[in-house]
Structures are given as C-alpha cells and as structure tokens.
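Results of the structural survey
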Amino acid sequence: MVSAHFLATGPPVDLAGLVAQGRQVPRDSAQAADFPATYHLFPAGFHYYVAEGLFLTERWQDLLDWYTETEHQYPELTTLTGNVFNELRRAFRVAALARVGRKSEARAARTGLQLTKLLATYEWFGDYYAVFDWLAELATRPTVARRAALLDEITDFAARRQMPLFRTLARRWAAK
C-alpha cells in the first residue's frame, strides 16, 4: 500500500483529517516501567506511522507540521530516550528540515540523534529500521562520498529483503 501511494502522484495530504484521527486514538494505560523503553512503550504509534508515510512520500512540510502536532499531543516524547520509534521520528524531522532548506537546524538536530547507537546496541532492530536511518541521512544531502555509501547500503538492503521501494526512493533522493 505504501509503495502504491509512493509511486502515485496523489492528492495533498489531509493533515487536518489526520490530526482529528490522531486525537481520537486512545492513550495506552501501560506504565513506562512495565516495558523496556527501547521498543515496547511508544505512546504515539499512530503518529509514528503517519510520520513514516509522510517521510516515504516526500511530504516534507507536512512531516514537519505533523511532528509539531505529535509533540503537542504527546509532550512526553520530548523526554523519551532510548526508543527506536521516537528516534526514527526525530530522524525523519531532520531529513524534512534539510529538504525544506533549514539546513543549520537539521545539522543541529542530527547531532542529538541516538538512532545509530540504538540500532547497534539492539541488533534485532538493525535489519529493518537501519534503512530508515540511512534514508533520513541521505535526505539531508550529505557529501558525494557519503551519498554513494548510503546508496550502496540501501540498494543492498532492498535486494536482500526484496523491497525495491527503498532502492527507488534512495536513487531518487541521491539524484536530487
């Protein structure tokens, strides 16, 4: 479904509708201490998946607006550390900042990310979520050498996992 939407040139995102849906999502009553923060407790699951969709479809300004809305609805995310979904969400924001021309903000925000460390520490995340980290870095328009290295990583991942969407997206972003 995501790749079909990605490949299509559809209508603009109905951000107001997504905000309304997001506000209807019930909050989980689980306590933070009941789960390891790394993965299991992420209070804004719906919001993460919307952010992922906006990231994959290159809706950069919508992604920044959604990030702000998510932080408004879930202020605890600003202090949630060691959580892969939160770090990915933050990485998506860095990419969006770079793509809308706010490069200095993107550089500053990138230095605080813990995603690479989390993926290395918890190997079982690495296989799938690392590709999002690579894509987010690629979207920030790194040096030519780093861009080539990222493109190789993403292309290899896409071939191994038979997920050509990631290769197509990486090639598109590397060319821009």
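Residues numbered from 1 in each chain as written. Predicted model: local features only at pLDDT ≥ 70, side-chain atom pairs only at ≥ 80, totals over all residues. Heavy atoms only, no water.

1. A word on the overall build of the protein chain
- In terms of regular secondary structure, the protein chain is built from ten helices and zero strands.
- With 176 residues in all, the protein chain has 44% of them scored as buried.
- Taking the contacts inside the protein chain whose residues are at least 6 apart along the sequence as the reference set, 69% of them involve residues at least 24 apart.
- Working note: accessible area of the protein chain is about 9,300 Å², and carbon and sulfur atoms make up 55% of it. (Helix = DSSP H or I, 4+ residues; strand = E, 2+ residues; numbered from the N terminus. Buried < 20%, exposed > 50% of the residue type's maximum accessible area, 1.4 Å probe, protein only. Contact = heavy atoms within 4.5 Å. Areas by Shrake-Rupley, 256 points an atom, 1.4 Å probe, with all protein chains shown as cover.)

2. Describing the packing of aromatic side chains
- In the structure shown here, the tally under the stated rule is 14 aromatic pairs.
- With a centroid separation of 5.1 Å and an interplanar angle of 75°, the aromatic rings of Tyr48 and Tyr49 are classed as edge-to-face.
- According to the relative accessible area criterion, Tyr48 is buried, its value standing at 1%.
- Between Tyr48 and Phe92, the ring centres sit 5.9 Å apart and the planes meet at 25°, which makes this aromatic pair stacked. Highlighted residues: Tyr48 in helix 3 (residues 45-56) and Phe92 in helix 5 (residues 84-99), separated in sequence by 44 residues. (Phe/Tyr/Trp six-rings, centres within 6.5 Å; stacked < 30°, edge-to-face > 60°.)

3. Description of the environment of Ala149
- With respect to the secondary-structure elements, Ala149 resides in helix 9 (residues 144-161).
- Looking at Ala149, the relative accessible area reads 30%, which means it is partly exposed.
- Along the chain, Ala149 and Trp134 lie 15 residues apart, while their C-alpha atoms are 9.6 Å from each other.

4. Digging into the packing of helix 3 against helix 4 (residues 60-73)
- For the pair helix 3 and helix 4, the least separation of the axes is 9 Å and the interaxial angle reads 170°. Judged on the interaxial angle alone, helix 4 and helix 3 are roughly antiparallel. Between helix 3 and helix 4, the residues in contact are Phe46, His47, Val50, Ala51, Leu54 and Phe55 and Trp60, Asp62, Leu63, Trp66, Thr70 and Gln73, respectively.
- Here the contact of helix 3 with helix 4 is composed, by residue class, of eight nonpolar, three polar and one charged. (Axes fitted to C-alpha atoms, helices over the stretch in contact; angles between N-to-C directions. Parallel < 35°, antiparallel > 145°, perpendicular 65-115°, else oblique. Nonpolar A, V, L, I, M, F, W, Y, C, P; charged D, E, K, R; others polar.)

5. What to know about the nonpolar core
- Counting residues in each nonpolar core, the largest one holds 51 residues, and the members touching the most others are Phe55, Phe132 and Leu135.
- The biggest single contributor to this core is helix 5, with ten residues.
- With near-sequence residues (within four places) excluded, Phe132 lies in contact with Glu52, Phe55, Leu56, Leu88, Phe92 and Phe166. (Core = buried A, V, L, I, M, F, W, Y, C linked by side-chain atoms within 4.5 Å.)

6. A short note on the pattern of salt bridges
- Here the structure, examined in full by the defined rule, presents eight salt bridges.
- For Glu58, the salt bridge goes to Arg172, with nearest N and O atoms at 2.8 Å. With Glu58 in the loop between helix 3 and helix 4 and Arg172 in helix 10 (residues 164-175), the pair connects residues that are 114 residues apart, well separated along the chain.
- Residue Glu58 is classed as buried on the basis of its relative accessible area of 14%.
- Each member of the salt-bridge network shares a partner with another, and the members are Arg110, Asp133, Glu137 and Arg146. (Salt bridge = Lys/Arg side-chain N within 4 Å of Asp/Glu carboxyl O.)

7. With respect to helix 2 (residues 15-24)
- Within helix 2 the residues assigned to the buried category are Leu15, Leu18, Val19 and Gly22. For helix 2, the arc enclosing every buried residue in end-on projection is 100°, short of the 170-degree limit, so these residues lie on one face. Opposite its buried face, helix 2 presents the exposed residues Ala16 and Gln24, each directed more than 90 degrees away.
- Residues of helix 2 that are buried sit in contact with helix 3 and helix 4. (Arc of directions from axis to C-beta.)

8. As for the side chain of Asp133
- Tracing the chain through its elements places Asp133 in helix 8 (residues 123-139).
- There is a polar contact of 3.4 Å between the side chain of Asp133 and the side chain of Arg110.
- Excluding residues that lie within four positions of it along the chain, Asp133 makes contacts with Leu88, Arg110, Leu115, Thr116 and Leu119. (Polar contact = N/O pair within 3.5 Å; in protein donor to acceptor, adjacent residues only side chain to side chain.)

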